[in-house]
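Commentary on secondary and tertiary structure
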Amino acid sequence: MSSLPAAQPAEMPLPVHTARRLSRYLSRMLDSQPWLGAALAASIERPLGEADLLRFLAAREATFGGGEGALRPALRQLRIWVLCHLIVRDLACAAPLAEVTETMTVLAEVALHHAHEVLRAALVERYGQPLSPTGWEQELLVIGMGKLGGRELNVSSDIDLIFIYPENGDTGGRKVISNFEFFERLGKQLIQALAEVTEHGQVFRVDMRLRPNGDSGPLVCGFDMLENYFVTQGREWERYAWIKARVLLGERWSELYGIARPFVFRKYLDFGAINAMRELHAQIRREVARRDRAHNVKLGPGGIREIEFIAQVFQLIRGGRDTALQVRPTLKVLSLLPERGILSTQAVEELTAAYVFLRRLEHRLQYLDDAQTHDLPAKAEDQALVAEAMGFAGYPALLDALDAHRQVVSRHFDSVFGDPSEEDHSLDATWTNAEDLEATTAALAELGYRRPQAGAERLASIHASPRYRQLPNNIKSRLDALMPRVIEAAATTPGADDALARLLDLIEAIGRRGAYLALLQQYPQALRRVADLMSASRWGAQFLTRHPILLDEMLDARNLENTPDWQAFRASLAAELEALEPDMERQMDVMREQHHAQVFRLLTQDIAGLLTVEKLADHLSELADIVLDLTLPLCWRRIKIRHREDPRFAVISYGKLGGKELGYASDLDIIFLYDDDAPEAAEVYTRLAQRTNTWLSSQTAAGQLFDTDLRLRPNGESGLIATSLESFRKYQLESAWVWEHQALTRARFSAGDRALGAAFERIRCEVLRMKRDLDTLRAEVLAMRRKMRDAHGGKSELFDLKHDTGGLIDVEFLIQYLVLGHSHDHPQLTGNLGNIALLRIAGELGLIPAALAAACADSYRELRRLQHRQRLNDRPSRIDPDEAEAARAPVRQLWEAVFGE
């Protein structure tokens, strides 16, 4: 339990007489409880905290003689004092909503704790302690649900409770009963202590209907029964109810949350929750209409419940992946939504204002007679009192303000829960009759498809398939509502036929996963963005189909606007991985999910034309470096015999990652180095290298991070997977081939021990600056180039952007030759600056004509752009020679100038 913050004393006593006029309950209590006036006078100028309530309770129990007989009257007088205290402070505008709800929550907690302590002691004296079969003492866990669980209790609320105990067994006293019987008796006595109406009133009405199986279920249940119930019988509305579940009593709360959390919060995004909560809300509205309770500020249109639904649906959808959304208070949940792009700041401000207004009104309705009511009063006298209590000149003014808030809430509720597929679609018949090939072909042709028969045959095949026909009814109905919109969305894209084919691939991949269908059904803008992606990129379409969890990225338009903040991403992912320790399987999945999400965001910006090929490669390379750097400590922790706290170990990248030219599907050319004199170092770091490689390349439920290539390590595939720094230097200086030194021009430190990375860079520069005979070097470079060209070039009449003469590899070989041949005299050439910058430096140094260097740099950019275009659509890197001729010419000229051929 938490106590309320202390407030500054008011300058003068608050006007009890005004509050008395606005609350018949307060007036009755002041008249019937002689002690109340003095108690209020002593406390009214500040909020009440837990300590205040405990002192009052102890004093009142002493008045009643102590013991179990004093429990009921003392608790009821405690409640009278607290409620009257709040009435006076709230009606004088001295208590904000948070004070009122927190004080009522603390009252419930104090009452429960104290009653439990007294009643359990009496049962233990009679039956002994309840014990597990192994002799461990058992306890009753009391779970607060609803507003009590969320610390949002209203002033005349009942309290929703569930009673759970950990293990079956028997008591250890002279008269033995089962643990079930013990806790059932304790539960019944707790309910009576709080809810029984005596001459002093009652403390709280207690509602136990949220327990497993409701009124027909046992009053108490064990952990095993609860877990089995969630798995076999738990319903969607119970997930909603359990969001706010909070253990009020009992120390084994973490075990209970471990049972409940997977039921409430799904591992993946759960957009099916929208449909479930929409149906639940429809039931509530039907009940409100049946009872003619449109003026109910809780359940009526635009009421408190609709605001709670808005907050809680996003908890159900995203809470399993975004644990920050597992908080319980409604206003706290709402405050988290703008920064996640789920609701706008304005929407949250409007909903917050409405929530505070409605809760304040709710309390004033209840202050009249301490009745659990949410209905606006019918009597003119009560209407006037409520309007005055809310600070309005009259009841019509109050209704105007109320209607304004309710309209805002209804508007936001409809935007979240409105069903876009409620209305008929013009293409419904096309999908319903998809097996009529002639009619479907005609319909697609009318929509502008260029290959309508192929599209019609695909639709007919899906519609006639056993897989479609055997879908559960709820999923089949979602798919039927979605398919006409899929056909329409694809038709609006530039490549309609390809877009439809790729969309249907996606639909078939997610066809049994109702949450993804619900997302596309609920958010037409997401479906349109998916269709645009499918039209623009075959590779992107395949990536999304392999990882449909990324559909969520299509909801947030900000993904197109925001430049990646890699520092923030690294910190966030590191914290999430740390929180999952030691669950390695989940860590591997989360890292993959987060990496895929970042790649997908870059893809959407790329397709929108917001990124150059160079900038995209920079982002992808930095993302890979982050993944590598976060992987190492996770793998190091799993080395059983570690001889030091932090490994002296580094990942060195070559090739595309080394040159910061990484593409979407590039593999990682990496090697592993260590610098450690410990006798066991070689064995330990070999294990670390193997674990790291496995972590990166393994396929899990969330996919794969990277294909890795370790063949550039000393001695290639026959060499050790992890190499000592000293051995690496010796190999490079004494044994490496020229092509290995060529590869070294693009190598760099990517992750791990930075001091080791700096030592590697010194060795790299030392090797690159070795004095070389230019004629010998030229001959070896040309021989290697011919070997590669014979193996890969000239295989087609089309121009191979990578391997053919004047292509990308020619540019890379030119630069590598210049670096190896001239770094001895010009150390600036050893910088890992990228090929374009190195061409410029070589031109400035006079090693090659500066104008030709600049032209060749432009060619390199254009060739990379063309290669990237091909890969976006999963095409070979071969194009019409005429398209590349202008880019090839400067490369061939520079090749002839440098190599003379």
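Before any of the text, the structure's been laid out above.
Read on for an overview of the structure.

If you look at the biggest cluster of nonpolar residues, it comprises 239 residues, and the most contacted ones within it are Trp 81, Leu 161, Phe 163, Trp 242, Phe 314, Leu 343 and Leu 361. Take this core: its biggest share by element is 15 residues, from helix H6 (residues 97-127). Contacts of Trp 81, omitting those with residues within four sequence positions, involve Trp 35, Leu 36, Ala 39, Leu 40, Ser 43, Leu 48, Asp 52, Leu 53 and Phe 56. Counting 55 residues, the second-largest nonpolar core is a separate cluster that includes Ile 848, Leu 852, Leu 863 and Val 891.

We now examine the pattern of salt bridges. Across all of its chains, the model carries 62 salt bridges by this definition. In this structure, the salt-bridge partner of Arg 687 is Glu 683, at a minimum N-O distance of 2.7 Å. A residue pair is termed a helical-turn pair when its members lie 3 or 4 positions apart in one helix, as Arg 687 and Glu 683 do in helix H31 (residues 681-697) at 4 residues. Exposure remark for Arg 687: the relative accessible area of 36% places this residue in the partly exposed category. Note that Arg 840 and Glu 844 form a salt bridge whose closest N and O atoms lie 3.1 Å from each other. Taken together, the residues Arg 840 and Glu 844, both in helix H37 (residues 835-844) and 4 residues apart, mark about one turn of the helix.

Mapped onto the elements, Pro 133 comes out in the loop between strand S1 (130-131) and strand S2 (141-144). Here Pro 133 falls in the exposed class, since its relative accessible area comes to 71%. Placed 37 residues apart in sequence, Pro 133 and Asp 170 show a C-alpha to C-alpha distance of 7.7 Å. Residues in contact with Pro 133, not counting those within four places in the same chain, are Glu 167 and Asn 168.

So, about the state of the cysteines. Taken as a whole and judged by the stated rule, the model has 0 disulfides. Of all cysteine sulfurs in the structure, the one in Cys 93 sits closest to Cys 84, which takes part in no disulfide; the separation is 18 Å. A relative accessible area of 61% places Cys 93 in the exposed class.

Looking at where Gln 525 falls in the secondary structure, it is placed in helix H25 (residues 524-536). Accessibility expressed as a relative area gives 27% for Gln 525, which makes it partly exposed. Sequence-wise, Gln 525 and Asp 589 are 64 residues apart; in three dimensions their C-alpha atoms are separated by 28 Å.

Burial within strand S9 (residues 668-674) is extensive, with 7 of its 7 residues counted as buried. Side chains of S9 alternate between two faces, with Leu 668, Ile 670, Phe 672 and Tyr 674 and Asp 669, Ile 671 and Leu 673 buried alike. Of the pairings in the sheet, the one linking strand S8 (residues 649-654) to S9 comprises 6 bridges and is antiparallel in character. The residue of S9 that forms the bridge with Phe 649 is Tyr 674. Judged from the 2 bridges that link them, S9 and strand S10 (residues 708-709) form a sheet pairing that is parallel. By the bridge assignment for S10, Asp 669 is matched with Asp 709. The parallel pair S9 and S10 is bridged by H31, and the resulting crossover is right-handed. Direction of pairing for S9 relative to strand S11 (residues 722-724): parallel, over a ladder of 3 bridges.

The next subject is the packing of aromatic side chains. In the structure shown here, the tally under the stated rule is 22 aromatic pairs. Seen from their ring centres, Tyr 240 and Phe 309 are 4.8 Å apart, and the 70° between their planes marks the pair as edge-to-face. Of this pair, Tyr 240 sits in helix H10 (residues 236-242) while Phe 309 sits in helix H13 (residues 304-318), and the two are 69 residues apart along the sequence. Here Tyr 240 and Phe 309 have matching classes, each one buried. A centroid spacing of 5.8 Å and a plane angle of 20° characterise the contact between Phe 649 and Tyr 685, whose relative ring orientation is stacked. With a gap of 36 residues between them, Phe 649 in strand S8 and Tyr 685 in helix H31 connect regions that are remote in the sequence. By relative accessible area, Phe 649 is classed as buried at 1%. Among the aromatic residues, those joined into a cluster by ring pairs are Trp 636, Phe 649, Phe 672, Tyr 674 and Tyr 685. The side chain of Arg 60 reaches across the aromatic face of Trp 35, ending 4.9 Å from its centre. Directly above the ring of Trp 895 sits Arg 789, whose terminal nitrogen or CZ lies 5.8 Å from the centroid.

Cut-offs used in this document
- Residues numbered from 1 in each chain as written.
- Predicted model: local features only at pLDDT ≥ 70, side-chain atom pairs only at ≥ 80, totals over all residues.
- Heavy atoms only, no water.
- Core = buried A, V, L, I, M, F, W, Y, C linked by side-chain atoms within 4.5 Å.
- Buried < 20%, exposed > 50% of the residue type's maximum accessible area, 1.4 Å probe, protein only.
- Helix = DSSP H or I, 4+ residues; strand = E, 2+ residues; numbered from the N terminus.
- Contact = heavy atoms within 4.5 Å.
- Salt bridge = Lys/Arg side-chain N within 4 Å of Asp/Glu carboxyl O.
- Disulfide = S-S within 2.5 Å.
- Pairing = 2+ DSSP bridges.
- Right-handed = clockwise from strand over helix to strand, strands pointing away.
- Phe/Tyr/Trp six-rings, centres within 6.5 Å; stacked < 30°, edge-to-face > 60°.
- Lys NZ or Arg CZ within 6 Å of the ring centre and 35° of its normal.

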